[in-house]
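The primary structure of each chain is shown beneath.
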Amino acid sequence: MDDGKMRNLRLRSELFRAIRDCFYRAGYLEVETPVKIHAPAPEEYIESVRAEKDFLRTSPELAMKVLLADGMEKIFQIGPCFRANESGRRHREEFTMLEYYSRGTGYRELAEFTAGFVAEAAERVLGSTRIEYGGKQIDLSAYEFVTVDDAFRLHAGCTASEADALDQFDELMVTKIEPELGNGKLTFLCDYPANRASLARLRADDPSVAERWELYIAGIELANAFGELTDAKEQRERFQAALKFRAAAGMHTYPEPVEFFAALERGLPESSGSAMGLDRLTMVMCGATDIADVRA
């Protein structure tokens, strides 16, 4: 192993320790949920990895929400997740996820907590919150909120709904929007169109958008967060629509996540949660351009 790879792996270890310390001090409980599961959440563009008759988790989300419904208040975990057919400089079929949930916390409040632990971890492992990545100077202690619609108007010359109607939303997001985000400071891209809500609830004051944000640094998506949907009927309808999409696309079909829906029926408390790719965060902290450079 060369010296650069060894340095990156040491920094990765220090970064994980610093993040854990931030969560412990904030009153979070670290949990572990199964990696091999019976029923993943059906997502339109994420394919799972088969494991005999079951699946390897794409995220621990559903299991962690069961814990919230059972009375836990602030929980997090760091562990492996799997997504089929993903490879590249920023992708691997197996990757490390940080996932965290907090009862009674709004989705923007969770963003502020996220910005805080990213800055604190950087200060601890790098001795500064100021980094250079991809030729850009970034202050990890500063952050901004930008709505999806404002980002499309500014960088793509159209509204998000216009891009969606032309079936260009994803293309413009990748080519026009994402490269402009997180340059100079953290960017929380928030308030996604309602049809891209996934497991997020819609904003009560504007149901055309969802309580969802994604975190970007230097054009790299690092985290995805929701104000969690708690309505079992609406969630079942969204899952059924996603399963129809997956079937038409020739993707895996999934059984119903029985424990998750039982938790929704018992009553999932108002909460927010986020999933962060720690390999990518490590890349940013190390100045690495390939995820292979920060994984053993």
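Read on for an overview of the structure. Values in this document were obtained by computation on a predicted structure and should not be read as measured data.

Taken in spatial order, the three strands line up as β2-β4-β3 in an open sheet, and their pairing is antiparallel. Looking at strand neighbours, the two that pair on one side only are β2 (36-37) and β3 (49-51), the edges of this open sheet. The sheet contact formed by β2 and strand β4 (residues 54-56) spans two bridges and is antiparallel. Each residue of the ladder has a partner; that of I37, found in β4, is F55.

One open sheet accounts for nine strands, arranged β1-β5-β6-β14-β13-β12-β9-β8-β7; its pairing is mixed. The strands lining the two open edges of the sheet, one partner per strand, are β1 (29-30) and β7 (130-133). With six bridges joining them, strand β12 (residues 212-217) and strand β13 (residues 220-227) adopt antiparallel strand pairing. Its bridge partner lying in β13, Y216 is registered against E221.

Moving on: the packing of helix α7 (residues 232-248) against helix α8 (residues 258-267). One way to put it is that α7 packs onto α8 with a least axis distance of 9 Å and a crossing angle of 155°. Considering their axes alone, α7 and α8 lie roughly antiparallel with respect to each other. The residues of α8 that touch α7, namely those facing A232, Q235, R236 and F239, are F260, F261, L264 and E265. In terms of residue class, the contact of α7 with α8 is built from five nonpolar, one polar and two charged.

Criteria and thresholds
- Counting starts from 1 at the beginning of each chain's written sequence and moves along it residue by residue.
- Given that the model is predicted, a residue must reach a pLDDT of at least 70 before its local features are reported, and side-chain atom pairs must reach 80 or more before they are shown or counted; all residues, however, enter totals for whole chains, interfaces and linings.
- To get the side-chain values, take all heavy atoms of the structure and skip hydrogens and water.
- Two strands are counted as paired when DSSP detects at least two bridges linking them.
- Comment: elements are numbered from the N terminus, with helices defined as DSSP H or I runs of at least four residues and strands as E runs of at least two.
- The axes used here are C-alpha line fits, helices contributing only the stretch in contact, and every angle between their N-to-C directions lies in the interval 0 to 180 degrees.
- Throughout this description, any angle smaller than 35 degrees is read as roughly parallel, any larger than 145 degrees as roughly antiparallel, any in the 65 to 115 degree range as roughly perpendicular, and the remainder as oblique.
- In this description, contact between two residues means that some pair of their heavy atoms is separated by no more than 4.5 Å.
- In the scheme used here, Gly and all other residues not listed as nonpolar or charged are polar, with Ala, Val, Leu, Ile, Met, Phe, Trp, Tyr, Cys and Pro taken as nonpolar and Asp, Glu, Lys and Arg as charged.

As far as function goes, none of this settles anything; it's purely spatial.
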